[in-house]
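Secondary and tertiary structure notes
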Amino acid sequence: MSSTSTFTTRSYDEDCMKAAIAQSQVAVEEGCMPFGAVLVDDAGNILAAAHNCSAASSKRGGKGDVTRHAEVELVRKMGALDNIDGKDKTKCTIYASTEPCVMCAGAIYWSGVSRVVYGCSSEELEQTLSGPGGFDIPVERLYQMGRPGMRKMNIVGPLLAKEAMDVHRASGVWCKPITTNNDNGKHTNQDIETERSLLQSGLGAAPATRDFQVPVISMSTQDDDDDETILANQLWDAARTVGFFTVVDHGIPLELIQQAFAVSADFFSNQTREEKEEQSPFAKELNSGYEYFTQVRPSTGTADQKESLQVTARQGVMEGRWPPEKFQDTATQLLEHAHKLANRILTLLEKDACPLNEAGTLAKSHTLWAPDGQCTLRFLHYPPMEPETAKQLTTPDEQGKIHWRAGPHTDWDNVTLLFQQPGQAGLECCSNPHDTTKGERRWTPIDPVEGGIAINIGDMLARWSDGRLYSNLHRVRMPTVEECTPPSSRYSIAYFAQSDKATVIRSKEGEDPITAGDYILSRIRSNFES
Ligand SMILES: O=C(O)CCC(=O)C(=O)O
Ligand SMILES: [Fe+2]
């Protein structure tokens, strides 16, 4: 595990770390290894900067001097610095884009500097290396191994780990290509098996009771730390027990939500299936575009009674797949708002869910429209049906199978924001098996609330949080006879917050990490294979 120091951070730490990471980029541009470092005084002034000067490979200009690591270069520069005269070196900080190796930790100690802030941990880097690992001991532990009387060293990190790792990955000099970093579907198959078992156990088809409630939580705070803490605790309790909750006062304008439902109804209900397919052709590997009654859930063996349009917020994916302008404008705006809200929720949950994460890691792992972005906005329409049809589709066939508007499933993402409209009920969730206060597992409705958004935890965050959070099953039941008199639609819009492809999701110690890209890909594949 990477160590997180108990020492406090300073207001200029992030800016100085960005300067160290920029140095690591300069190193790459000069054909060297991706490491950078800066020296900073106790007022936050950068006194010197250096980067690795060992050539990346013989192909890139000779082997060079292998001791020319960024920190060693920096310490050597210190001897010649004019601006360090009169300063107390023990109060200076060295920012290193990656946790210093044993050699650099020694050089830093002998330089007289007593504070070290690092970007990504050597452990994180090690796990992405294509070759053998390095000669590293976590720097905090290394300094603790020194003799009594040794000067006390103050270590802070990881800080801006994603940014620091991005330079390593993009450098192409030694990280594994990210697509090879997968777990052969071990986890994703487990998720699919959980869904498949619902068919045999009968739990998937058990009717909903109102034995437990899905909490409704106001997200309005006065920008005050106490309010934020109260809100974080409420979200944590709801996420940890039920796994589903509805938020109100969340800041997304009601008019925008209503406008999104209006363009959705216009797209689905005022065009033929062929027109929709032509406007937004479906791409299987991207899981993007328009689909008509195609999704067969492992939990039901029958196709969901729905049509959907999936907007994937990745560079280029929606080209040739956007319905007309007004739809695109509205969907883009809703995506922006949903993205911000999801990130706020993830940040509020992070401290309890992923205690080893640097604060903000979850939020930073989602980038809208990035080349490896994976967030999606899914417009759903469950078409109206006659009462007779609803009855027929919910009567078990010879194999005991029935139909659903959406069969029981868990979502693949970190967190889902689900917009639903009053008067269009049907969404239900199953109790969390880890919540022992609920006894036997049961289903309960998630009633639509005007302007409210239903939130649920997905499999990605369940995994990232080492099971501290749980992604619970949910489904959309068929309409009742009353709801079919007259036949009526259900529209919903789901925002799925899925980390960028290169994000490394690491769960328990000893388990293989997986990139978010591989994770989603294996879920897409297994869903189509089922
Ligand atoms: O339409 C709904 O209410 C639920 C949709 C859903 O759960 C999904 O698409 O994952
Ligand atoms: Fe879902």
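So, here's what we can say about the structure. Since the model is a prediction, treat every value here as computed from it, not as a measurement. (Residues numbered from 1 in each chain as written. Chains lettered and ligands numbered in written order. Predicted model: local features only at pLDDT ≥ 70, side-chain atom pairs only at ≥ 80, totals over all residues. Heavy atoms only, no water.)

Further remarks concern the packing of helix H2 (residues 70-78) against helix H3 (residues 102-111). Between H2 and H3, whose axes approach to 9 Å, the crossing angle comes to 20°. It follows that H2 is roughly parallel to H3 by the angle criterion. With respect to the hand of their crossing, H2 and H3 are arranged in left-handed fashion. Two secondary-structure elements touch here, H2 through Glu71, Val72, Val75 and Met78 and H3 through Met103, Cys104, Ala107, Ile108 and Ser111. The residue makeup of the contact of H2 with H3, split by class, is seven nonpolar, one polar and one charged. (Axes fitted to C-alpha atoms, helices over the stretch in contact; angles between N-to-C directions. Helix = DSSP H or I, 4+ residues; strand = E, 2+ residues; numbered from the N terminus. Parallel < 35°, antiparallel > 145°, perpendicular 65-115°, else oblique. Left-handed = near helix turned anticlockwise from the far one by under 90°. Contact = heavy atoms within 4.5 Å. Nonpolar A, V, L, I, M, F, W, Y, C, P; charged D, E, K, R; others polar.)

Our next topic: the coordination of the iron ion (ligand 2). At 2.1 to 2.2 Å from the iron ion (ligand 2) lie its protein donor atoms, namely His409 (NE2), Asp411 (OD) and His474 (NE2). All donor residues of the iron ion (ligand 2) come from one chain, and their arrangement in sequence is H-x1-D-x62-H. Residue histidine 409 shares its accessibility class with aspartate 411, and that shared class is buried. (Donors = N, O, S within 2.8 Å, 3.2 Å for Na, K, Ca; no water. Buried < 20%, exposed > 50% of the residue type's maximum accessible area, 1.4 Å probe, protein only.)

Below, the discussion takes up the packing of aromatic side chains. According to the stated counting rule, one finds eight aromatic pairs in the structure shown. Centre to centre, the rings of phenylalanine 267 and phenylalanine 268 are 5.1 Å apart; their planes meet at 80°, and the pair counts as edge-to-face. Pair check on accessibility: phenylalanine 267 and phenylalanine 268 agree, each one buried. On the numbers, 6.4 Å between centres and 40° between planes, the contact of phenylalanine 268 with tyrosine 290 is tilted. Of this pair, phenylalanine 268 sits in helix H9 (residues 254-269) while tyrosine 290 sits in strand E8 (residues 289-292), and the two are 22 residues apart along the sequence. A relative accessible area of 3% places tyrosine 290 in the buried class. What links up through ring pairs into an aromatic cluster is the set Phe267, Phe268, Tyr290, Phe327 and Phe379. The side chain of arginine 151 reaches across the aromatic face of tyrosine 109, ending 4.3 Å from its centre. Here the basic side chain of arginine 475 rests over the ring of tryptophan 443, its NZ or CZ set 3.8 Å away from the ring centre. (Phe/Tyr/Trp six-rings, centres within 6.5 Å; stacked < 30°, edge-to-face > 60°. Lys NZ or Arg CZ within 6 Å of the ring centre and 35° of its normal.)

The subject of this paragraph is the sheet that holds strand E9 (residues 307-312). Spatially, eight strands are ordered E6-E7-E15-E12-E17-E10-E9-E8 in an open sheet, and the strand pairing comes out mixed. Pairing within the sheet leaves two strands with one partner each, and these edge strands are strand E6 (216-218) and E8. The sheet shows a mean angle of 25° between the axes of neighbouring strands, direction not considered. Looking at chain direction, strand E12 (residues 415-420) and strand E15 (residues 453-457) are connected through five bridges and run antiparallel. Within E15, the residue paired with leucine 417 across the bridge is isoleucine 455. (Pairing = 2+ DSSP bridges.)

As a further point, take helix H8 (residues 225-240). Side chains that are three or four residues apart share a direction in an α-helix, a result of its 3.6 residues per turn. Its 16 residues give H8 an end-to-end C-alpha distance of 22 Å, which sits within 8% of 22 Å, the value for a rise of 1.5 Å per residue. Those residues of H8 that sit buried are Leu231, Ala232, Leu235, Trp236, Ala238 and Ala239. Down the axis, H8 shows its buried residues gathered within 165° of arc, on one side only. H8 presents Asp226 and Ile230 as exposed residues on the side facing more than 90 degrees away from its buried surface. In this structure, the buried residues of H8 make contact with E6, strand E7 (244-248), helix H11 (325-353) and E15. (Expected span 1.5 Å × (residues − 1). Arc of directions from axis to C-beta.)

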